[in-house]
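# Fold and contact review
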Amino acid sequence: MNNELFHLSETLRDSIKNDPIFIELDKVEKELNENEEIMRKSYKKDVICSKYSDLLKVFDEDSAEIKKVRKELVEAKDELYETPLVKRYLQLYAQAREILDKVNDILLENIK
């Protein structure tokens with residue numbers, strides 16, 4: 001039973017890895033990581049996000065400091081997420097996530 005289960009798991013894994021959505025997702029992810037403009041935008045967003053988190057420890061959410069950095073964060077996220085390659089990645093990621101959620105639901109249907 002265990003060997004058969006392991007074999008079926010490997011077959012499922014290989015089927016997922018060879019699905020066109022997952023292949024394209026992997027390709028786009030590599031392109032993202034090699035794109036200097038996107039990496040700069042991502043770093044900028046991460047720095048502002050960290051600053052925002054730090055300020056929330058000190059200031060009230062309605063403070064001028066928080067509002068200013070929140071606005072910067074929204075702008076940085078918009079700038080990053082409006083990039084065509086990032087949009088494509090997020091689309092593919094959502095599709096891949098949906099597939100994996102369905103597989104998970106099927107696998108755990110009678111186990112829960």
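Residues numbered from 1 in each chain as written. Predicted model: local features only at pLDDT ≥ 70, side-chain atom pairs only at ≥ 80, totals over all residues. Heavy atoms only, no water.

## Some words on the overall build of the chain
Within the chain, the secondary structure is distributed over 5 helices and 0 strands. For the chain, the α and β elements follow one another from N to C terminus as α-α-α-α-α. Relative to the compact-globule value of 13 Å for 112 residues, the chain shows a C-alpha radius of gyration of 20 Å, a clear excess of over 25%. The principal-axis extents of the C-alpha atoms in the chain amount to approximately 60 × 35 × 20 Å. Restricting to contacts in the chain with at least 6 residues of sequence separation, those with at least 24 account for 65%. Working note: accessible area of the chain is about 8700 Å², and carbon and sulfur atoms make up 54% of it. Side chains of the chain carry 20 positive and 26 negative charges; the gap between the two charge centres is 4 Å. (Helix = DSSP H or I, 4+ residues; strand = E, 2+ residues; numbered from the N terminus. Rg over C-alpha atoms; globule rule 2.2 N^0.38 Å. Contact = heavy atoms within 4.5 Å. Areas by Shrake-Rupley, 256 points an atom, 1.4 Å probe, with all protein chains shown as cover. Lys, Arg positive; Asp, Glu negative; His and termini not counted. Charge placed at Lys NZ, Arg CZ, Asp CG, Glu CD.)

## Looking at helix α2 (residues 20-34)
Its 15 residues give α2 an end-to-end C-alpha distance of 21 Å, which sits within 8% of 21 Å, the value for a rise of 1.5 Å per residue. Looking at the buried residues of α2, the elements they touch are α1 (2-17), α3 (36-56) and α5 (84-108). (Expected span 1.5 Å × (residues − 1).)

## Brief notes about the packing of aromatic side chains
Going through the model one piece at a time under the given rule, you end up with 1 aromatic pair. Relative to Y93, the ring of Y89 lies with its centre 6.1 Å away and its plane at 25°, an arrangement referred to as stacked. In this pair, Y89 and Y93 are both assigned in helix α5, 4 residues apart and thus about one turn of the helix distant. For Y93, a relative accessible area of 40% corresponds to the partly exposed category. (Phe/Tyr/Trp six-rings, centres within 6.5 Å; stacked < 30°, edge-to-face > 60°. Buried < 20%, exposed > 50% of the residue type's maximum accessible area, 1.4 Å probe, protein only.)

## Focus on the pattern of salt bridges
The tally for this structure, following the rule as stated, stands at 13 salt bridges. Between R97 and D101 there is a salt bridge, with its nearest N and O atoms 3.2 Å apart. One end of the pair is R97 and the other is D101, both in helix α5 and 4 residues apart, which spans about a single turn. According to the relative accessible area criterion, R97 is partly exposed, its value standing at 37%. (Salt bridge = Lys/Arg side-chain N within 4 Å of Asp/Glu carboxyl O.)

## Looking at the environment of L12
The topology assignment puts L12 in helix α1. The spatial distance from the C-alpha of L12 to the C-alpha of E24 is 18 Å, given a sequence separation of 12 residues. Beyond its immediate sequence surroundings of up to four residues, L12 is in contact with V103 and L107.

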